[in-house]
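Observations on the three-dimensional arrangement
Spelled out, the chains give:
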Amino acid sequence: MTIKAKTKANKISKDSFKQAILNDYKLICEVRESSAQGRRDVLSGKGSFGIFGDGKELAQIALAKVFRNGDFRAGYYRDQTLMTCLGQYSPKHMFSALYGDPELEREPSSGSRQMMNHFSTPFLNSDGSWRDLMSQKNSTSDMACLASQFPRLVGLAQASSVYRKDKKLAENKKKFTDNGSEIVFATIGNASCAEGHFWEAVNAIGVLKVPAIISIWDDGYGISVPNDVQMTKNNVSDVLSGFQRDNNSGQGFEIIKVKAWDYTALIESYEKAEKLAREEHVPSIIHVIEMTQPTGHSTSGSHERYKSKERLKWEEDYDCMKKFKEWILENNIAIEEELNDIEKKSIDYVKSQKKEAWKEYQEPIKNEVKEIVKIFESISHKVDIPDIEEWIKNLNQLSLLGVFRRDYMSLARNLLGMLIHEDISEKEVLRDFINRIKSENHDRYNTKLYNDTNTSVRNVNEIKPEYNDDSELVDGRIIIRDNFHYMFDKIPEAMIFGEDVGKIGGVNQGCEGLQEKFGDIRVADTGIREATIIGQGI
């Protein structure tokens with residue numbers, strides 16, 4: 001890797017350049033250390049499962065440099081570095097998610113309603129009104145099903161295209177577009193590229209010519225299964241080569257293959273892809289190869305079980321963090337002592353973030369333990385149940401190490417059952433405690449799935465049809481057709497797309513005349529690709 005001279009317009013001072021590089025190295029160190037300490041916490045029992053972004057850091061730093069306000073992300077759980085670069089994640093957030101902290105102010109992605117490292121940003125204000133999406137960096141909520149982000153990716157990218165083509169609509173929707181200059185950045189692992197949703201979405205994006213940049217993080221495996229079992233030719237970009245854009249027609253993707261440890265090549269690749277997408281709405285696929293996975297796929301197992309000694313040695317030698325450090329030293333950007341100091345401070349910083357996350361998660365739980373222990377003690381003075389003394393001892397011991405609500409809620413329910421024939425006031429106190437925690441847990445874990453403000457679609461009043469003796473009897477398709485015409489007149493952002501709805505107006509003529517009246521942007525035919533049609537609608 002070599003440093004290339006900056007253009008005059010983009011020139012920065014030597015000190016500023018050095019600081020930018022060191023900031024990148026610092027962020028990599030923090031994410032890497034978070035992954036390592038997170039794995040240890042799961043194996044020690046503080047968390048139930050861990051899946052991290054180590055080995056993917058450098059490419060995500062390059063991506064983040066071209067991610068602007070108003071852009072969208074449709075990614076997956078490896079994007080820890082990207083979300084940290086965007087200012088929407090931190091080691092503390094990661095540990096809060098790892099521990100299952102249900103409070104949104106501490107785990108802002110989902111309040112631990114999803115698996116850890118499943119990211120999202122809010123699009124609504126607390127009153128249900130839309131945020132200004134052009135003044136923030138946007139991440140659609142990750143989903144656990146592999147490649148499930150791709151159908152939705154199509155619709156997000158299409159929105160930019162629609163706004164660019166419809167200037168009047170864009171002018172009236174300033175919170176949703178900057179004249180169609182937004183890009184949607186999708187990320188996916190190499191093995192998940194075998195999923196049908198991936199190929200359907202890639203094809204749809206190519207047909208629609210919309211501004212999407214797809215990054216494939218390729219570490220050579222899907223858990224323990226290597227690429228030669230996952231993908232034809234053992235290489236997804238080789239299979240995708242038929243989608244490479246034609247310089248004459250301009251159709252297709254710009255396909256770029258780049259190594260995960262080559263800092264300057266990564267920067268250049270994302271700058272090129274961004275320019276094509278933002279200015280010309282040309283989509284790109286960036287296949288990032290030679291990625292590594294220092295802590296393995298997840299805490300469910302160890303990659304030493306299925307990787308050879310030679311492969312593990314290669315991963316150590318070509319770790320993007322190690323190669324980035326070598327590049328910094330080779331180009332005399334910093335000395336080794338400076339980098340070692342960053343590494344040491346990163347370890348201390350992550351430890352402090354982890355400690356804070358654990359303390360904030362445990363504090364309210366420990367207060368509840370104190371409360372239930374007092375109730376247990378009061379009951380034990382009136383009823384002879386030998387188990388209570390042992391329960392109290394265990395709960396006090398757990399409070400010193402780490403306690404979970406299930407530890408004392410199960411005991412509380414058991415005790416309530418034992419008291420069925422007892423007539424003591426403490427029984428009602430115990431019942432009230434159980435019901436209160438149950439109600440609070442409902443708020444912690446069973447809310448926020450839908451918009452629960454006044455703007456919720458569930459609050460729209462039903463308008464029932466009215467008939468009179470003179471009502472004309474017509475085919476049902478006429479009612480549907482006329483309703484669409486009325487709706488499209490009243491709602492300028494309304495669109496309809498699907499198989500056969502455009503030119504012929506639907507096989508049953510429910511969309512008759514719509515395309516002719518409102519144009520092929522708002523009323524469009526699609527190919528036979530049902531998953532991405534749904535994704536466009538979402």
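So, here's what we can say about the structure. The structure presented is a predicted model; accordingly, all values stated were derived computationally and were not measured.

1. Overview of helix H14 (residues 387–401)
- Under the 1.5 Å per step criterion, the end-to-end length of H14 is 22 Å for 15 residues, consistent within 8% with the ideal 21 Å.
- Taken together, the buried positions of H14 are occupied by Ile388, Trp391, Ile392, Leu395 and Ser399. Down the axis of H14, the sector holding all buried residues measures 100 degrees, keeping them to one side. Structural note: H14 exposes Glu389, Lys393, Leu400 and Leu401 on the side pointing more than 90 degrees away from its buried face.
- Tucked into the core, H14 has its buried residues touching helix H13 (336–380) and helix H15 (405–418).

2. Points about the packing of helix H1 (residues 14–43) against helix H12 (residues 320–330)
- Put simply, H1 and H12 touch, their axes get as near as 11 Å, and they point 155 degrees apart. It follows that H1 is roughly antiparallel to H12 by the angle criterion. With respect to the hand of their crossing, H1 and H12 are arranged in left-handed fashion. Contacts between H1 and H12 involve Ile21, Asp24, Tyr25, Ile28, Cys29 and Arg32 on the former and, on the latter, Cys320, Met321, Phe324, Lys325, Trp327 and Ile328.
- Looking at the contact of H1 with H12, its residues break down into nine nonpolar, no polar and three charged.

3. Observations regarding the side chain of Glu274
- Note that Glu274 resides in helix H10 (residues 263–280).
- Judged by its relative accessible area of 12%, Glu274 is buried.
- Residue contacts for Glu274: discarding those within four places in its chain leaves Val66, Arg68, Ile183, Ile213 and Glu279.

4. Overview of the sheet that holds strand E7 (residues 254–259)
- The six strands lie next to each other as E2-E1-E3-E4-E8-E7, forming an open sheet whose pairing is parallel. Of all the strands in the sheet, the pair left with one neighbour each is strand E2 (138–139) and E7.
- With six bridges joining them, strand E3 (residues 184–189) and strand E4 (residues 212–217) adopt parallel strand pairing. Within E4, the residue paired with Val184 across the bridge is Ala212.
- Against the sheet, helix H2 (residues 57–64) engages E3, E4 and strand E8 (284–289), with an angle of about 170 degrees to E4.
- Each of E3, E4 and E8 is contacted by helix H7 (residues 196–208), which is oriented at about 150 degrees to E4, the strand it contacts most.

5. A few points about the pairing of E4
- Along E4, six of the six residues are buried, which leaves the element largely enclosed by surrounding structure.
- Side chains Ala212, Ile214 and Ile216 project from E4 onto one buried face, and the interleaved Ile213, Ser215 and Trp217 project onto a second face that is buried too.
- As a crossover connection, the stretch from E3 through H7 into E4 is right-handed.
- Alignment of E4 against E8, held across five bridges, turns out to be parallel. Bridge assignment links Ile216 to a residue of E8, and that residue is His287.

The rules behind these values
Residues numbered from 1 in each chain as written. Predicted model: local features only at pLDDT ≥ 70, side-chain atom pairs only at ≥ 80, totals over all residues. Heavy atoms only, no water. Helix = DSSP H or I, 4+ residues; strand = E, 2+ residues; numbered from the N terminus. Expected span 1.5 Å × (residues − 1). Buried < 20%, exposed > 50% of the residue type's maximum accessible area, 1.4 Å probe, protein only. Arc of directions from axis to C-beta. Contact = heavy atoms within 4.5 Å. Axes fitted to C-alpha atoms, helices over the stretch in contact; angles between N-to-C directions. Parallel < 35°, antiparallel > 145°, perpendicular 65-115°, else oblique. Left-handed = near helix turned anticlockwise from the far one by under 90°. Nonpolar A, V, L, I, M, F, W, Y, C, P; charged D, E, K, R; others polar. Pairing = 2+ DSSP bridges. Right-handed = clockwise from strand over helix to strand, strands pointing away.

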